[in-house]
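Residue strings, one per chain:
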Amino acid sequence: MGVDAYKKTRVQRNVGRKVTSTNLYLKLLIKLYKFLARRTDSNFNATILRRLQQTRTARYPISVSRLVKQINTAKDKTRTLVVVGTVTDDVRLLTVPKINVCALRFTETARKRILAAGGKTLTFDQLAQQNPTGTGTILLRGPRVREELKHFGRAAGLPGSHAKPYVSHTARRGKGAR
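Residue numbers run consecutively from 1 along every chain, following the written order of its sequence. A pLDDT threshold of at least 70 governs which residues receive local features in this predicted model, and a stricter bar of 80 or more applies before side-chain atom pairs are shown or counted, although totals over entire chains, interfaces and linings include all residues. The basis for every side-chain value is the complete set of non-hydrogen atoms in the structure, without hydrogens or water.

1. Digging into helix α3 (residues 43-52)
- Think of it in three bands: with a 1.4 Å probe and only protein chains considered, a residue is buried below 20% of the maximum accessible area for its type, exposed above 50%, and partly exposed in between. Secondary structure elements are taken from DSSP: a helix is a run of H or I of four residues or more, a strand is a run of E of two residues or more, and numbering for both begins at the N terminus. Where burial is concerned, most of α3 is hidden: seven out of the 10 residues are buried.
- Residues of α3 that are buried include every one of Phe44, Asn45, Thr47, Ile48, Leu49, Arg51 and Leu52, and no others.
- In this description, contact between two residues means that some pair of their heavy atoms is separated by no more than 4.5 Å. Lining the buried residues of α3 we find α2 (24-39), β2 (80-88), β3 (100-106), α6 (124-130) and β5 (137-140).

2. Digging into the pairing of β2
- In terms of burial, β2 is a largely internal element, eight of the nine residues being buried.
- Following DSSP output, two strands are said to pair if at least two bridges run between them. Both strand β1 (residues 62-63) and β2 contribute to a ladder of two bridges, which runs parallel. Along β2, the bridge assignment pairs Ser63 with Thr88.
- Crossovers are described as right-handed under a simple rule: with the strands pointing away from the observer, the path leading from the first strand over the helix to the second runs clockwise. Between the parallel pair β1 and β2, the chain is carried across by helix α4 (residues 64-73), and the sense of this crossover is right-handed.
- The pairing of β2 with β5 spans four bridges and is parallel. Bridge pairing in β5 links Thr80 to Thr137.
- Note that β2 and β3 share six bridges and pair parallel. By the bridge assignment, Val87 is partnered in β3 with Phe106.

Any functional reading would require information that these geometric values do not contain.
What follows is the structure, given as structure tokens:
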């Protein structure tokens, strides 16, 4: 009898992620940017498409203060900041300058502060009409900070490991004053 080599010889195909979201607006945006990525020569549309297809946990939020830092370092202050994710407010930032931001979502206070400063908040379909190739834009991402990511990596306690251990706090129950 020969050995069944099915498991050893099979090759897995890396196919693009099928979006499982029920959000119709997101599905229409994916359809739009799939078309733009195919029909334009810019990598901007392909990058936007790839980020639109990410899971919601991978689309990290970014604060208004980070957007302000980016626009202050940019040579051209009229450029549009593009974020595939949520733009959140930062109460530590006292004044918001005039900035143009395109994002999937804005928190209520972030949108109010940007509009009060004379800036614009765009949606991705508006951006596609104004800038189909992404010229005059700065593409940004939020910081990858999630509690789960701190536990990833080599097991906690091993040499060279920087992973945070999972600690049960149930052991402290009943250890109060007797």
